[in-house]
Each structure stands twice: as C-alpha cells, then as structure tokens.
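Each chain, letter by letter, is given below.
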Amino acid sequence: MIDGVVNTLGTDSKWTPATPMLWADMVTPHYFLGIYPARTVSDFTADPYTLDPADYEASDLLVARQLSGLVAMQNPVSLTFDHAMAKLNVNMNFRNQWDQTPAIASCVATAATTATVDYLAQTVTAGTQASVSLPAVAAQQSYAATYSSIMVPQSGFRTVVITIDGQPFTYTHDADIPLEAGKYTTLNLIVGRNKIELGEVSINDWTEGTTISGGQAM
C-alpha cells in the first residue's frame, strides 16, 4: 500500500499499482516503507503485533525502508525487505532411557507473544511473557527432533518446557537467551533422566533480505 494505492508484486519482481502513481514533482524527496504480509497500519510508530506460531508466513513480519529520500530521477525504486522478528530453533537428542525417539506432546517457550513495532525507528518493543507452542519441523542433522517458530525480539527469554508421556522436562538457562531481530537462535538440548541439559546456544544472521527492484512511480 503506497499512499492509499494497492501495489501487487508480479512474477517478474515488479510492482503494479491498482491505479497509476506519479511522482509529486522532479525535485521533492519521496520516502518509501514496505510491509509484508500486507496489514492495516494506523500508527507507523506504534503498530501492535501478535505472534501466531501456527502461521509462519503471517508471523514473519518483513519490512523495507527507503527513508533517505529519493527524487524522480532516481527511478526505479529498489526495496530490500528485512526480518523484523526473530526465529528460534530447538534441537533435541534423547538419552537411552528411551529405546527410540519418544513422542513429544509439546515444546513450549516462555516468551512474549505480542509487541509494538516502530517502523520508522526500526524498533520492536516486546509485551509480557506467555506460552509459545513451537511447531515440529524436519529434524536438523545430527538431532532426533527439531521445533521452530518465529519469535518476538526480546530479552528475558530463558525457559523451554518439553512434555513427553505427560511428564514435563523444563530447561531454564542461567542467563537470558537472546532473541534478536533478523537473527535465529538455536538451542541444542539433551533430554532424559528427568532433566534437560544444554548442548549449545548459537545465534546467527538470517540470509540477506530480498531486494525488490523495478518498481516505478508513473
């Protein structure tokens, strides 16, 4: 949505406006802000966000900013989208008290599920902590099970609870586990003997954001 006009991304990576769009003039700076998935925003400095772990695409908020000011001679406009949210991967291996990988009833993180996003300042303010149920995904190499979810960037995240055969196995880190915008945190756990042990915590950047170019104000 640009100035009230819906723009649709085509298979050729070009944006097509529902109605023709014109530069105001040849010298006035123009500023661009792209948000995906499309959402109605009433305040670009305080947009409420709610995590939906069951809907990866809807939760993965992507933002592109061109705030340096472009004039008509700098057409076409290129926008690079970056992840505004964080990502958490929980890898598990199991001790030999089980003959095979046990059936995992749930993997739940204690973390904020809501936030306020300031698109102009590029900040995300996390809400209060709640329970985030991480969906199961294909197990990463060398691990028996992996659970993963988009997460709100925040401090104060420390606890994951894994439930097997009605028994909760709780892991609480001795310090905050960072969840940072545009990065994924990997938590490697060893489950069994009525406890969880930490294998490793790692934090890595996601791949470079996608650059959408060829958009033209006409």
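Structure: see above.
Residues numbered from 1 in each chain as written. Predicted model: local features only at pLDDT ≥ 70, side-chain atom pairs only at ≥ 80, totals over all residues. Heavy atoms only, no water.

Caption draft 1: Summary view of the side chain of Asp47. Examined against the element boundaries, Asp47 turns out to sit in strand 4 (residues 47–50). There is a polar contact of 2.9 Å between the side chain of Asp47 and the side chain of Arg39. Not counting residues up to four positions away in its chain, the partners in contact with Asp47 are Arg39, Thr40, Val41, Ala115, Thr116, Val117 and Tyr119. (Helix = DSSP H or I, 4+ residues; strand = E, 2+ residues; numbered from the N terminus. Polar contact = N/O pair within 3.5 Å; in protein donor to acceptor, adjacent residues only side chain to side chain. Contact = heavy atoms within 4.5 Å.)

Caption draft 2: Structural detail: the packing of aromatic side chains. Overall, the coordinates contain 4 aromatic pairs when judged by the stated rule. On the basis of an interplanar angle of 90° and a centroid distance of 5.8 Å, the ring pair of Phe94 and Trp98 is categorised as edge-to-face. The pair Phe94 / Trp98 is uniform in exposure class, with both members buried. Consider the rings of Trp98 and Phe169, whose centres lie 5.9 Å apart with planes at 65°: the pair is edge-to-face. With Trp98 in the loop between strand 7 (86–94) and strand 8 (104–112) and Phe169 in strand 15 (residues 167–172), the pair connects residues that are 71 residues apart, well separated along the chain. Accessibility assignment for this pair places Trp98 and Phe169 in one class, buried. (Phe/Tyr/Trp six-rings, centres within 6.5 Å; stacked < 30°, edge-to-face > 60°. Buried < 20%, exposed > 50% of the residue type's maximum accessible area, 1.4 Å probe, protein only.)

Caption draft 3: Summary view of the side chain of Asp60. With respect to the helices, strands and loops of the structure, Asp60 is situated in the loop between helix 1 (56–59) and strand 5 (62–70). Looking at Asp60, its side chain comes within polar contact range of the side chain of His83, at 2.9 Å. Apart from residues lying up to four places away in sequence, Asp60 is in contact with Tyr36, Pro37, His83, Ile150 and Trp206.

Caption draft 4: Quick peek at the nonpolar core. Within the largest apolar cluster, 41 residues are counted, with the highest numbers of intra-cluster contacts made by Tyr49, Leu61, Met92, Ile162 and Val191. Within the residue set of this core, elements represented by two or more residues are strand 7, strand 8, strand 9 (114–118), strand 13 (145–151), strand 14 (159–164), strand 15 and strand 16 (183–192). It is strand 7 that contributes the most residues to this core, 5 residues altogether. Residues within four places of Leu61 in sequence aside, it is in contact with Ile35, Tyr36, Pro37, Arg39, Tyr49, Asp82, His83, Ala84, Met85, Val117 and Tyr119. Of all hydrophobic cores here, the second largest spans 9 residues; its members include Ala64, Leu70, Ala72 and Val77. (Core = buried A, V, L, I, M, F, W, Y, C linked by side-chain atoms within 4.5 Å.)

Caption draft 5: The arrangement of the sheet that holds strand 11 (residues 129–133) in detail. The strand order across the open sheet formed by 4 strands is 11-8-14-15, and the pairing between neighbours is antiparallel. Strand pairing shows two members of the sheet lacking a second neighbour, strand 11 and strand 15, which therefore form its edges. Looking at each pair of strands side by side, their axes are set apart by 20° on average, direction ignored. Where strand 8 meets strand 14, 6 bridges bridge the pair, whose relative direction is antiparallel. (Pairing = 2+ DSSP bridges. Axes fitted to C-alpha atoms, helices over the stretch in contact; angles between N-to-C directions.)

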